Amino acid sequence: MPVRKAAARALMSTLCAALLLAACTKTPPLPPITGAAGPPGQRDAAPHDRPAPLRTPSSADRIPGVGPLTRARVPDGTGQALVVVGETADTNRATAVLYERDERKQWRRVAGPWSAHNALRGWTTHHVADDLRTPIGVFRIGDAGGRLPDPGTLLPYDQDEEFALDGTGFAGEPLEGSFDYVIAIDYNRVPGTTPLNKKRPLGLGRGGGVWIHVDHGGPTQACVSLPREVMPRLLRALDPRKEPVVVMGPKADIAR
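Let me sum up the structure you'll find in this document. Positions within a chain are numbered from 1, following the residues in the order the chain's sequence is written. In keeping with the model being predicted, local features are shown solely for residues with a pLDDT of at least 70 and side-chain atom pairs are shown and tallied solely at 80 or more, while totals for entire chains, interfaces and linings include all residues. In computing side-chain values, all of the structure's heavy atoms are included and hydrogens and water are not.

## A short note on the overall build of the protein
- Helix and strand assignments follow DSSP, with helices taken as H or I runs no shorter than four residues and strands as E runs no shorter than two, numbered in order from the N terminus. Check the secondary structure of the protein and you find 4 helices and 11 strands.
- Contacts in the protein between residues at least 24 apart in sequence constitute 68% of all its contacts with a sequence separation of at least 6.
- Exposure was quantified through the Shrake-Rupley algorithm and a 1.4 Å probe, taking into account, for residues, occlusion by the shown protein chains and nothing else. Just so you have it, the protein exposes about 10700 Å², and 53% of that area is on carbon and sulfur atoms. In this description, contact between two residues means that some pair of their heavy atoms is separated by no more than 4.5 Å.

## Describing the packing of aromatic side chains
- Here a pair means two rings of Phe, Tyr or Trp (six-membered ring of Trp) with centres within 6.5 Å. Their orientation is stacked below 30 degrees between planes, edge-to-face above 60, and tilted elsewhere. For the coordinates displayed, the defined rule picks out 3 aromatic pairs.
- Relative to Tyr187, the ring of Phe139 has its centre 6.2 Å away and its plane inclined at 75°; by these criteria the two rings are edge-to-face. Residue Phe139 is found in strand β6 (residues 137-146), and its partner Tyr187 is found in the loop between β8 (182-185) and β9 (211-214); the two are separated by 48 residues along the sequence. As far as burial versus exposure is concerned, Phe139 and Tyr187 are alike and both buried.
- Judged by centre distance (5.8 Å) and plane angle (55°), the rings of Phe163 and Trp211 are tilted. With Phe163 in the loop between β7 (157-159) and β8 and Trp211 in strand β9, the pair connects residues that are 48 residues apart, well separated along the chain.
- For every residue, the accessible area obtained with a 1.4 Å probe (protein chains only) is divided by the maximum for its type, and the residue is called buried under 20%, exposed over 50%, and partly exposed between those limits. Relative accessible area serves as the criterion here: at 1%, Phe163 is assigned to the buried category.

## A word on the side chain of Thr70
- Along the chain, Thr70 turns up in helix α2 (residues 68-71).
- Any N or O atom pair separated by 3.5 Å or less is treated as a polar contact, with the protein-specific requirement of one donor-capable and one acceptor-capable atom, and with residues adjacent in sequence counted only for side-chain atom pairs. A distance of 3.4 Å separates a polar side-chain atom of Thr70 from the backbone oxygen of Asp253.
- Residues contacting Thr70, with those up to four places away along its chain left out, are Val138, Val247, Asp253, Ile254 and Arg256.

## Observations regarding the pattern of salt bridges
- We define a salt bridge as a contact between a side-chain nitrogen of Lys or Arg and a carboxyl oxygen of Asp or Glu at a distance within 4 Å. Here the structure, examined in full by the defined rule, presents 10 salt bridges.
- The partner of Arg189 in a salt bridge is Asp186, and the shortest N-O contact between them spans 2.8 Å. As far as the burial class goes, Arg189 and Asp186 line up, both buried.
- Arg256 is the partner of Asp253 in a salt bridge, and the nearest nitrogen-oxygen pair spans 3.5 Å.
- Through salt bridges that share partners, Asp143, Asp186 and Arg189 make up one connected network.

## Considerations on the pairing of β8
- Along β8, one buried face is formed by Val182 and Ala184 and the opposite face, lined by Ile183 and Ile185, is buried too.
- Following DSSP output, two strands are said to pair if at least two bridges run between them. When β6 meets β8, the two strands line up antiparallel, connected through 4 bridges. Within the sheet, the bridge partner assigned to Asp143 lies in β8 and is Ala184.
- Pairing of β8 with β9 involves 3 bridges; the strand directions are antiparallel. Counterpart to Val182 in the pairing with β9 is His213.

## Notes on unusual backbone geometry
- Between Gly112 and Pro113 the backbone carries a cis peptide bond, its omega angle lying at 10°.
- On the secondary structure map, Pro113 appears in strand β3 (residues 107-117).
- Residue Leu132 is not a glycine yet carries a positive backbone phi of 55°.
- For Leu132, the position within the fold is in the loop between β4 (123-124) and β5 (134-135).
- The exposure class of Leu132 is buried, given its relative accessible area of 12%.
- Of note, the phi angle at Asn188 is positive, near 50°, even though the residue is not glycine.
- With respect to the element layout, Asn188 can be found in the loop between β8 and β9.

This is the structure:
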């Protein structure tokens, strides 16, 4: 599919370690999603910052491990959900599973479980910049990109050298290649734009640039990271027509 060039290249001449902070540490608290994301190019460009109306899921509408309050935040039209669960609120390791609704409208696992990392200090229900915690909630995922070519995703994909990164992580591990593939999480960002877009509708204090990206072997600033071999597979699996979301947080919160 066509490769979309970054809209904000002029503002991002030097990314490297600074991009990691912008993309993984300053992660504003994710507002609950609302509305329905349409096909690429037809989605609402406004940030999803109003709580979705709560509803009671039927027994056939339950995602394994996801409780009724969390499930009630998943839009009716959603047919794919990446569920990322940590053991406690303060852990930075998690497990990710991709679920889809089948023809009977029942949720079933289609890929995973995969090991994952989240932010150094764990999770939060109110993310602010530099808190080193990953936002808890249900968020749309619909825009992708990376330093490497499009692996065959149906999502809008921005291949750009601005995704290059170096430096070291919290455990001294090299960060190079972490942004070879990324998927933007719709938290404090403008949906329908490249992950490199730095516009923050909720303000810089709420962080931003919360992505799903290639794991570098240690905790992140605020993002979720998955093994290198998993990212191309996930990108090919996600279908914008199924309005995919990520459901993420510690086990106790997700089970509510």
